[in-house]
Amino acid sequence: MPSTFSTFHIGWRGLFASRMGMDVTAHNVANAHTEGYSRQSVKIVASRPYAVPGLNRPTTPGQIGTGVDVASINRTKDQFVRNLLQREQSIMGYWETKARTYEQIELIFAEPSDTGIAFVLDDFFGSLHDLSRDPQDTAVREVVLQKASVLADTISHVYTQLKQLYESTTHLVDVKITELNSIAVEVAELNKQIAAVVRLGDNPNDLLDKRDMLIERMSMIADVQVVPLEDELVNISIDGVNLVQRYESRRIAADIDAETGKVKGLKWEGFGSDIAVKSGELYALLETNNVIVPKYLSGLNELARSLAQSMNDLHSAGYDLDGNPGGMLFVDSRTPSAGPVIALDLVDPDFEVARYIKLNPLLDARQVAASSQAPDADGPKMGDGSNALAMAKLADATIMLSGKATLSTFYNGMISELGVESGQALFMTETEGAVLDNLRDWDSSISGVSIDEEVTNLVRYQHSYAAAARVITVIDEILELITNRMGLAGR
C-alpha cells in the first residue's frame, strides 16, 4: 500500500524531470547559433504504476501512479534531409571548385583588355603594316621590335601563370587528401566514443552533431557513402571501399608524376588500388589538373609555335636595311644577350614554346627584315617593305588548326570556350547554392533552435518545478503533523 512517502517521492520525481527539462532548454538556448547543433528535447513518460498484477497484489484500488521518469534526451534530426544535404554538398564542392578554377584562368588571360594577348597580337601586326608603308623609318622599326617583344613576353607571362595554377592544383590535391584523411581519423574516434555512450543507454547527441558536421565536410571533398550500423556507428566508403570502418580508418594518397606534376589518380595506402571519385572538390581538382589547365596550356603552346614558325620563316627569308638576310625574330628566352642565339624547338610537340618564346635580343632596328628583295649592284632595297607586308598578312592567314583558323580566330575561339565553360560552372554553382540554401532552411526548420519556443518551454518547466516543489512542501507539513502532533490528545 502506498505511504505518505510515496507522494513525497512523486514530488521529487517531478522536480527532477522539470529540472532536466530546464537544463536541456538552457543547453538549446546556449547553442542557438552553434553551427551544426541540433535541437534537443526531453522525453518524459509516466513511471511504472503501483501495483503490478499478481496473486499477492493489495486489494486497494489501483493502479496508482508513481510519478514521472525522464526516458531520454533526444536530438531532433531528419536523416532523409541530412542525406540530401550530404549529396548536394558533394555536387556543390565540385562546381564551386571548377568555378574558382575558371575564374582564375579568366584573370590570367585578362580578356578583353589592352594587356591581353588579343590586343598585343593585333598591335604587333598593326606595327608591321606601318613598317610596310615606311620601311626606311628607324623609329617605325623600333616600334615593331617593341611590339614583338611585348607580344612574346605577354604569351610567356600568361603561360607561366597558367603553369603556376597547374602546379597549385597538384598541391591542393595533396591538401584535400590530407584533410580527408584527418577527418576520417576523427570520425573513427567519434564512432568509438558514440558507441561507448550508446551502450550505457544514453544518447550522444552532441557527439552525433559533431560527426554529422565532419561527414558534411567529407562530402564536400569527395562523394562519400555513409552506411549506418548498430549503436549509432557508421561506415564511410569511397568507390565501394571503406575509408572509415567502425573504429578504424584507412588513408588515401595521390599518385603524382614527380617530373610533370600531373596527378595520375588516387590510391589506397597499403594496397595501392585506384580510387575513382565522381564528385566533390577532389574530382574538380583532378579534372583541373588533368584536363582544364592542360587544354589552355596546349592551346597557348600551339599559338606560340605557329606564330614563331611563321614569323621566323618569313623574317629569315627577308633582308634588312643593310641588305643582310634576316635572322630569327623569335628565339628561346635562354639566349644570352651577347649570343649565340638559341633557337626555339618547334618540332618537339612537348617543348613549351609559349614559356620560352622571346624576341631575338641580338636584333636591332636596322636588322628588321622588311624587304623581300635581295640587294643588287645598286645596293640594298631600302624602300622595299614587301616582306613586312607579308608578315603583316599573317594576321589573316589560316595557319592554325590545319588551315582552318587564323592566329586571332584560334585564340578568340579559345577565350570564347573559356567564357562558356566558366559561365556554365558559375551557373551550376549558383543553382546548387540555391538548392543547398533550401535544404539548409528545411533542416533548420526541423533541427534548428527557436528562441521563442525555448523561452515558452522554460516557463512551462519553471511552473512544473514550482508545482512539484509545492507538493513536497505539503507532504513535509503532513509529515511534521504526523511526527510532532499525532498522539498528543489528553496531554
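See the structure shown above.
Residues numbered from 1 in each chain as written. Predicted model: local features only at pLDDT ≥ 70, side-chain atom pairs only at ≥ 80, totals over all residues. Heavy atoms only, no water.

A. Local environment of a nonpolar patch on the surface. On the surface, V29, I451, V455 and V459 cluster together into a nonpolar patch covering about 280 Å² of accessible area. In terms of residue count, helix 10 (residues 451-484) provides more of the nonpolar patch than any other element does, three residues in total. With respect to the helices, strands and loops of the structure, V455 is situated in helix 10. Judged by relative accessible area, which is 44%, V455 ranks as partly exposed. (Patch = residues over 30% accessible without salt bridge, like charges linked within 9 Å, V, L, I, M, F, W, Y side chains within 5 Å. Areas by Shrake-Rupley, 256 points an atom, 1.4 Å probe, with all protein chains shown as cover. Salt bridge = Lys/Arg side-chain N within 4 Å of Asp/Glu carboxyl O. Helix = DSSP H or I, 4+ residues; strand = E, 2+ residues; numbered from the N terminus. Buried < 20%, exposed > 50% of the residue type's maximum accessible area, 1.4 Å probe, protein only.)

B. Spotlight on the side chain of S279. Summarising the element assignment, S279 is placed in the loop between strand 9 (274-275) and helix 6 (280-317). Taking relative accessible area as the criterion, S279 reaches 11% and is therefore assigned buried. Of note is the side chain of S279, whose polar atom sits 3.2 Å from the backbone oxygen of S90. Contacts of S279, omitting those with residues within four sequence positions, involve S90, I91, Y94, I221, A222 and D223. (Polar contact = N/O pair within 3.5 Å; in protein donor to acceptor, adjacent residues only side chain to side chain. Contact = heavy atoms within 4.5 Å.)

C. Looking closely at helix 3 (residues 117-133). With 17 residues, helix 3 extends 25 Å between its outermost C-alpha atoms, agreeing within 8% with the 24 Å of an ideal straight helix rising 1.5 Å per residue. The elements touched by buried residues of helix 3 are helix 4 (138-199), helix 6, strand 10 (330-332), helix 8 (386-392) and helix 9 (407-447). (Expected span 1.5 Å × (residues − 1).)

D. Here's a closer look at the packing of aromatic side chains. On inspection of all chains with the given rule, the structure shows nine aromatic pairs. Ring geometry for Y94 against Y283: centres 5.3 Å apart, planes inclined by 25°, an arrangement best described as stacked. Pair noted here: Y94 is in helix 2 (residues 79-109) and Y283 is in helix 6, with a separation of 189 residues, a long-range link. The exposure class assigned to Y94 is buried, which follows from its relative accessible area of 11%. Judged by its relative accessible area of 29%, Y283 falls in the partly exposed class. Aromatic ring contacts, followed pair by pair, group Y94, W95 and Y283 into a single cluster. (Phe/Tyr/Trp six-rings, centres within 6.5 Å; stacked < 30°, edge-to-face > 60°.)

E. View of the sheet that holds strand 9. One open sheet holds the three strands; their spatial order is 7-8-9, and the pairing between them is antiparallel. With partners counted over all chains shown, the strands left at the sheet margins are strand 7 (252-256) and strand 9, one partner each. Bridging between strand 7 and strand 8 (residues 263-268) involves five bridges; their strand directions are antiparallel. Along strand 8, the bridge assignment pairs D255 with G265. Along the sheet, helix 4 contacts strand 7 and strand 8; its crossing angle with strand 7, the most-contacted strand, is approximately 165°. (Pairing = 2+ DSSP bridges. Axes fitted to C-alpha atoms, helices over the stretch in contact; angles between N-to-C directions.)

F. Representation of the sheet that holds strand 5 (residues 241-245) in the model. Pairing in this open sheet of four strands is antiparallel, and the strands run 3-4-5-6 from one edge to the other. The outermost strands of the open sheet, each flanked by one partner alone, are strand 3 (225-228) and strand 6 (248-249). Helix 5 (residues 205-221) contacts strand 3, strand 4 (234-238) and strand 5 of the sheet and is inclined by roughly 5° relative to strand 4.

G. Region of the structure containing the nonpolar core. Ranked by size, the top nonpolar core spans 65 residues in total, and within it F109, L300 and F330 carry the most contacts. At the level of elements, helix 2, helix 3, helix 4, helix 6, helix 7 (353-356), strand 11 (357-359), helix 8 and helix 9 are the ones that each hand at least two residues to this core. For this core, the leading source of residues is helix 4, giving 12 residues. Excluding residues that lie within four positions of it along the chain, L300 makes contacts with F109, I117, I155, V158, Y159, L162, A354, Y411 and M414. One finds I194, I221, V244 and L285 within the second-largest nonpolar core, a separate group that totals 30 residues. (Core = buried A, V, L, I, M, F, W, Y, C linked by side-chain atoms within 4.5 Å.)

H. Region of the structure containing the packing of helix 2 against helix 6. Where helix 2 meets helix 6, the axes come as close as 8 Å, and the angle between the chain directions of the two elements is 25°. Taken together, helix 2 and helix 6 sit at an angle that is classed as roughly parallel. Between helix 2 and helix 6 lies a crossing whose hand is right-handed. On helix 6, the residues touching S90, G93, Y94, T97, K98, T101, Y102, I105 and F109 of helix 2 are G280, E281, Y283, A284, L285, E287, T288, I292, V293, Y296 and L300. The residue makeup of the contact of helix 2 with helix 6, split by class, is 11 nonpolar, six polar and three charged. (Parallel < 35°, antiparallel > 145°, perpendicular 65-115°, else oblique. Left-handed = near helix turned anticlockwise from the far one by under 90°. Nonpolar A, V, L, I, M, F, W, Y, C, P; charged D, E, K, R; others polar.)

I. Main features of the packing of helix 3 against helix 6. One way to put it is that helix 3 packs onto helix 6 with a least axis distance of 14 Å and a crossing angle of 5°. By the criterion of interaxial angle, the relationship of helix 3 to helix 6 is roughly parallel. Across from I117, L121, F124, F125 and L128 in helix 3, the residues of helix 6 making contact are L300, L303, L307 and M311. When the residues that make up the contact of helix 3 with helix 6 are grouped by side-chain class, the tally is nine nonpolar, no polar and no charged.

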